[in-house]
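Letter by letter, the chains look like this.
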Amino acid sequence: IEQPMEKFRANTQLMQAREAKKITKTYNKIAHTIEEFEALWKLAWEKGIESARAGLHATLLVRHPSNGKLYANFDREILQLLRETKCLMRMGEDVKEP
């Protein structure tokens, strides 16, 4: 979203046009809305980490009560959070351990 606006701003003749203020104002509103969404999404994601961390304290192997077989007690949500963490770090987000 920034690259087209940078090109637009670089053209001084375009920036003097009547529509330039309206376009700039719309761009600023959209950019602000996206930043707010990202902040809210990250906050919700961080809260989701707390519930996943509780799963890390669970016993990894459990014995089925009726057949006696051992099963892995692993929450797949942990794998998803690991993938999301890697993506956020690639994007340059600061991912801290809560």
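About the cut-offs
- Residues numbered from 1 in each chain as written.
- Predicted model: local features only at pLDDT ≥ 70, side-chain atom pairs only at ≥ 80, totals over all residues.
- Heavy atoms only, no water.
- Helix = DSSP H or I, 4+ residues; strand = E, 2+ residues; numbered from the N terminus.
- Rg over C-alpha atoms; globule rule 2.2 N^0.38 Å.
- Buried < 20%, exposed > 50% of the residue type's maximum accessible area, 1.4 Å probe, protein only.
- Contact = heavy atoms within 4.5 Å.
- Expected span 1.5 Å × (residues − 1).
- Core = buried A, V, L, I, M, F, W, Y, C linked by side-chain atoms within 4.5 Å.

(A) How the structure looks around the overall build of the chain. A tally of regular secondary structure across the chain gives four helices and two strands. In sequence order, the secondary structure elements of the chain are arranged as α-α-α-β-β-α. Relative to its length of 98 residues, the chain is extended, with a C-alpha radius of gyration of 23 Å against a globular reference of 13 Å. Taken along its principal axes, the extent of the C-alpha atoms in the chain is 80 × 25 × 20 Å. Scored against the burial criterion, the 98 residues of the chain give a buried share of 14%. By sequence separation, contacts in the chain at least 24 residues apart represent 42% of the contacts at least 6 residues apart.

(B) View of the side chain of Thr 24. Looking at the element boundaries, Thr 24 is found in helix α3 (residues 18-56). In this structure, Thr 24 is in contact with Met 5, Phe 8, Arg 9 and Met 15, ignoring residues within four places of it in sequence.

(C) View of the side chain of Thr 85. On the secondary structure map, Thr 85 appears in helix α4 (residues 76-90). Apart from residues lying up to four places away in sequence, Thr 85 is in contact with Trp 45 and Val 95.

(D) Layout of α3. In this model α3 runs 58 Å from its N-terminal to its C-terminal C-alpha over 39 residues, within 8% of the 57 Å that 1.5 Å per residue would give. Those residues of α3 hidden inside the fold are in contact with α1 (2-10), α2 (12-15) and α4.

(E) Layout of the nonpolar core. Of all hydrophobic cores here, the largest spans six residues; its members are Trp 45, Ile 49, Ala 52, Ile 78, Leu 81 and Leu 88. Mapped onto this core, the elements with two or more residues apiece are α3 and α4. If you look at the next biggest cluster of nonpolar residues, it comprises five residues, including Phe 8, Ala 20, Tyr 27 and Ala 31.

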